[in-house]
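Residues per chain, in single letters:
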Amino acid sequence: MSATTSAAEQLDKLYEFDREPVSDDRLLGASYFAGSYAGEHVAATEFVIGVLFVNWGASVTDIFYGLALGNVLAVLTWTLLCAPIAVDTRLTMYWYLRRIGGPYFTLLYNVLNALLFCVLAGCMITVSASALRIPLGIPAQVHQYPDDIRFVLLVLAVGAVVVLLAMLGFKRLADFATVCSPWMFLMFIAGAGVMLPALAHQAGMHSIDSVASFFEMGRKVIWTGVTPDGSPPMGFWKVAAFAWICNLAMHAGLSDMAIWRYAKKSNYGLTSGVGIFLGHYLAWICAGMMGVGAAILLNQPLASLDSGAIAYRALGWAGILAVTFAGWTTSNPTLYRSGLALQAITPNWSRARVTLIAGVATTIVACFPFVFTRMLDFVGIYGLLLGPAGAIVMAEHWLFPRLGYTRYWADYQNKSMNWPALIAWAAGIALALGLERTGTLHLFYLFIPVFAVTIAIYLVLAPMAGAKLPPPVGGENRYPKPRPVAVRPPVAKLPLNAAAKLAGVVAITALLVCLAIPFYGGAFEGPLLAATLVYFISGTYSYTEYRKNEETT
């Protein structure tokens, strides 16, 4: 047997319930989801978005209160909309949509979804490569096409790691993110702390020794409420709306059903708050501080600095690793979702094979820097293209039974295309384009009327097309509900071995050292890198032994 065949067989054993409900023996505890979301949302893009708020003229009040409101709404959307449907069906959005929209509708949606996910994952790979280019002496890539072959080779290397991790499946992604996320988050705090003296000096203050002095410095230097070009500032409601909709396709668009189908309970959706408030709140605040501080110390315009340059100026080599790992932990689950979307329309291919093909395409996209420079525009368009499909699923899953309509009516009637769903989806997108192009409504507010119109049109057209017809005899049994989670007697866990316990203590100590070192000033970059390496070696070993013990009891 060839080595290639053997590797393929091993990967195919990593079964991810691609076309059927997750069985109750494969459900996961809350810690998996907290770790996965922390890793995914404490990401390299946080450096960019944190700086973006500064350039958009957000004020201190906008940032601290607007972000809090928007992130609470995002967590509630995951918890109240996405996770309950995932737990109820134990299916991915891609496979569940096939029951509702039919094979042709699903083909259209999944191809579009997979392509957009590939571009998004490619953005993250580009970010990681943009950080690693600095110690290699590769110039910044700011044009539409790469102008240095070394950058292309670097992207290919980073992409290979991302693709491998995505092929290993959800549990491996969660494990990787769980180890990385505590350290990455502390790097944001440490980087912001390093910049405090420069920020205080710029604000004409001797030191930042209280909450009041911190907010005073923030108002004077960082979140001034004024844009560099004199355009109208962002404002409270736009900040809140951005925080809510920046992951629209994942929560209201239901793409994260792929993640939550493994949850034992739908209220595990609240664990998304771990990643959201660490990444989309504190990390955005810290990134704004790092960006402004780096611009002051480098005497360069803030808009001319990329994530790698900001992190490297703040933390040295540890900053490079932070951006690199942050890019990996975001691109991995994104590419994993892309593989699931394509796998739903390639019935004879394994998820691992499809993920590999999607990964190759993603890595090629990542070689072109323009995909990252336009990433924020892309995220808005991406959410509006895919979000209405989530509205259709929510209407059929929750509203149809209450209105007396037949859930999965299009499939019962052997329709290849659910035309009411397609018309409602297209109408939602058309409405978004019309409102945005005419300036009637800002991009950040569009999803509320788009979702409402999509649901309303579908509820009107579906009964006209046959949704009121009863299911065929025995049709209710075609899609049996997943079995309830079995109640198992508690099993005594084996105690961790002494080496794993010691490694855990060392890892926690190393984390505290990583946080403390930058605040003492002086040449801290070398010790910080050393403490980082100690953390990853000891933390990975301790966590691996912990999971090994948990899975065998």
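What you are looking at is a predicted structure, and each value in this text was computed from that prediction instead of being measured.

Novice: Teacher, can you tell me more about the overall build of the protein here?
Specialist: For the protein, the count of helices and strands is 21 helices and zero strands. Taking the intrachain contacts of the protein between residues at least 6 apart in sequence as the baseline, contacts between residues at least 24 apart amount to 84%. Roughly 22,700 Å² of accessible area belongs to the protein as shown, and the carbon and sulfur atoms make up 67% of that amount.

Novice: So what exactly am I meant to see when it comes to the nonpolar core here?
Specialist: The nonpolar side chains of soluble globular proteins are, as a tendency, buried together. Counting residues in hydrophobic clusters, the biggest one holds 173 residues, and the most contacted among them are F53, W183, W223, W260 and Y458. The dominant element in this core, judged by the number of residues it contributes, is helix 5 (residues 93–132), at 18 residues. Excluding its chain neighbours within four sequence positions, the residues that come into contact with W223 are V54, A58, S59, V60, I63, F64, F214, G218, I285 and M289.

Novice: Teacher, can you tell me more about helix 6 (residues 149–167) here?
Specialist: In an α-helix, one turn spans 3.6 residues, which is why side chains three or four residues apart end up on the same side. In this model, helix 6 (19 residues) spans 27 Å end to end at C-alpha, consistent with the 27 Å of a helix rising 1.5 Å per residue. Within helix 6, burial applies to F151, V152, L154, V155, V158, G159, V162, V163, L165, A166 and M167. Of the residues that open helix 6, the one with a side-chain oxygen 2.8 Å from the backbone nitrogen of R150 is D148.

Novice: It is not clear to me how the pattern of salt bridges should be interpreted in this structure. Could you clarify?
Specialist: Where charged atoms from two side chains of opposite charge approach closely, those side chains can pair. By the definition in use, this model includes three salt bridges. Where K220 meets E216, a salt bridge forms, and the shortest distance between an N and an O atom there is 3.1 Å. With K220 and E216 both in helix 8 (residues 211–222), this residue pair falls four residues apart, about one helical turn. Residue classification places K220 among the partly exposed positions, given a relative accessible area of 47%. Its salt-bridge partner being R437, residue E436 comes within 3.9 Å of it at the nearest N-O pair.

Novice: What is the right way to read the confidence of the model for the protein from this model?
Specialist: Mean pLDDT for the protein: 83, with 86% of residues reaching 70 or above. In the model of the protein, helix 1 (residues 3–12) stands out as the element of lowest mean pLDDT, 38, in contrast to helix 4 (residues 60–89), which has the highest, 95.

Novice: How should I be thinking about the packing of aromatic side chains in this particular structure?
Specialist: Think of a pair of aromatic rings as described by two things: how far the centres are apart, and how the planes are tilted against each other in angle. Across all of its chains, the model carries 28 aromatic pairs by this definition. When the centroid spacing of 5.4 Å and the interplanar angle of 85° are considered together, the rings of Y37 and W78 count as edge-to-face. With Y37 in helix 2 (residues 30–41) and W78 in helix 4, this residue pair connects regions lying 41 residues apart in the sequence. W78 gets classed as buried once you look at its relative accessible area, which sits at 0%. The ring of Y408 carries the charged tip of R99 above its face, separated from the ring centre by 5.7 Å.

Novice: What is the right way to read the side chain of T77 from this model?
Specialist: Inspection of the secondary structure puts T77 in helix 4. Using a relative accessible area of 8% as the deciding quantity, one classes T77 as buried. In terms of polar contacts, T77 uses its side chain to reach the backbone carbonyl oxygen of L73, at 2.7 Å. Polar contacts involving the side chain of T77 include one to the side chain of W244, which spans 3.0 Å. If sequence neighbours within four positions are ignored, T77 has contacts with C82, W244, H251 and A252.

Novice: Sorry, what's going on with helix 8 here?
Specialist: Turning to helix 8, its buried residues are S213, F214, M217, G218, V221 and I222. When helix 8 is viewed along its axis, its buried side chains cluster within an angular range of 140° and face the same direction.

Novice: Explain unusual backbone geometry here, please?
Specialist: A positive phi angle, close to 70°, is found at L254, a residue other than glycine. With respect to the helices, strands and loops of the structure, L254 is situated in the loop between helix 9 (236–245) and helix 10 (257–260). Of note in this structure, N414 is not a glycine but carries a positive phi near 55°. Residue position: N414 is located in the loop between helix 17 (409–412) and helix 18 (419–437).

Novice: I would appreciate a short explanation of the packing of helix 5 against helix 18 in the present structure.
Specialist: When two helices pack together, their arrangement is given by the angle between the helix axes and by the axis-to-axis distance. Close contact between helix 5 and helix 18 brings their axes to 10 Å; oriented N to C, the two are set at 35°. Facing F105, L108, Y109 and L112 of helix 5, the residues of helix 18 in contact are A421, L422 and W425. Classifying every residue of the contact of helix 5 with helix 18 by side-chain character gives seven nonpolar, no polar and no charged.

Novice: What exactly am I supposed to notice about a nonpolar patch on the surface here?
Specialist: Nonpolar side chains collect at one region of the surface, where V72, L76, L80 and L270 lie side by side and expose about 340 Å² of accessible area between them. For L80, the location among the structural elements is in helix 4. The exposure class assigned to L80 is exposed, which follows from its relative accessible area of 53%.

Novice: Teacher, can you tell me more about the side chain of T406 here?
Specialist: For T406, the position within the fold is in the loop between helix 16 (375–403) and helix 17. For T406, the contacting residues outside a window of four places in its chain are E396, F400, Y412, A467, K468, L469, P470 and P471.

Novice: Any chance you could explain the environment of L297 here in plain terms?
Specialist: Locating L297 in the fold gives a position in helix 11 (residues 272–298). What makes L297 partly exposed here is its relative accessible area of 39%. Those residues in contact with L297 that sit more than four places away from it in its chain are M195, A198 and R313.

Novice: In this structure, what is going on with the packing of helix 18 against helix 19 (residues 447–467)? I would like to understand it.
Specialist: Closest axis-to-axis distance for the helix 18/helix 19 pair is 8 Å, and the angle between their directions is 155°. With respect to helix 19, the element helix 18 is oriented roughly antiparallel. The interaxial crossing formed by helix 18 with helix 19 has right-handed handedness. Residue-level inspection shows P420, A421, I423, A424, W425, A427, G428, L431, A432 and L435 of helix 18 in contact with helix 19, the latter providing P449, V450, V453, T454, I457, Y458, L461, A462 and A465. When grouped by side-chain class, the residues that make up the contact of helix 18 with helix 19 number 17 nonpolar, two polar and no charged.

Basis of the calculations
Residues numbered from 1 in each chain as written. Predicted model: local features only at pLDDT ≥ 70, side-chain atom pairs only at ≥ 80, totals over all residues. Heavy atoms only, no water. Helix = DSSP H or I, 4+ residues; strand = E, 2+ residues; numbered from the N terminus. Contact = heavy atoms within 4.5 Å. Areas by Shrake-Rupley, 256 points an atom, 1.4 Å probe, with all protein chains shown as cover. Core = buried A, V, L, I, M, F, W, Y, C linked by side-chain atoms within 4.5 Å. Buried < 20%, exposed > 50% of the residue type's maximum accessible area, 1.4 Å probe, protein only. Expected span 1.5 Å × (residues − 1). Polar contact = N/O pair within 3.5 Å; in protein donor to acceptor, adjacent residues only side chain to side chain. Salt bridge = Lys/Arg side-chain N within 4 Å of Asp/Glu carboxyl O. pLDDT = per-residue confidence, 0-100. Phe/Tyr/Trp six-rings, centres within 6.5 Å; stacked < 30°, edge-to-face > 60°. Lys NZ or Arg CZ within 6 Å of the ring centre and 35° of its normal. Arc of directions from axis to C-beta. Axes fitted to C-alpha atoms, helices over the stretch in contact; angles between N-to-C directions. Nonpolar A, V, L, I, M, F, W, Y, C, P; charged D, E, K, R; others polar. Patch = residues over 30% accessible without salt bridge, like charges linked within 9 Å, V, L, I, M, F, W, Y side chains within 5 Å. Parallel < 35°, antiparallel > 145°, perpendicular 65-115°, else oblique. Left-handed = near helix turned anticlockwise from the far one by under 90°.

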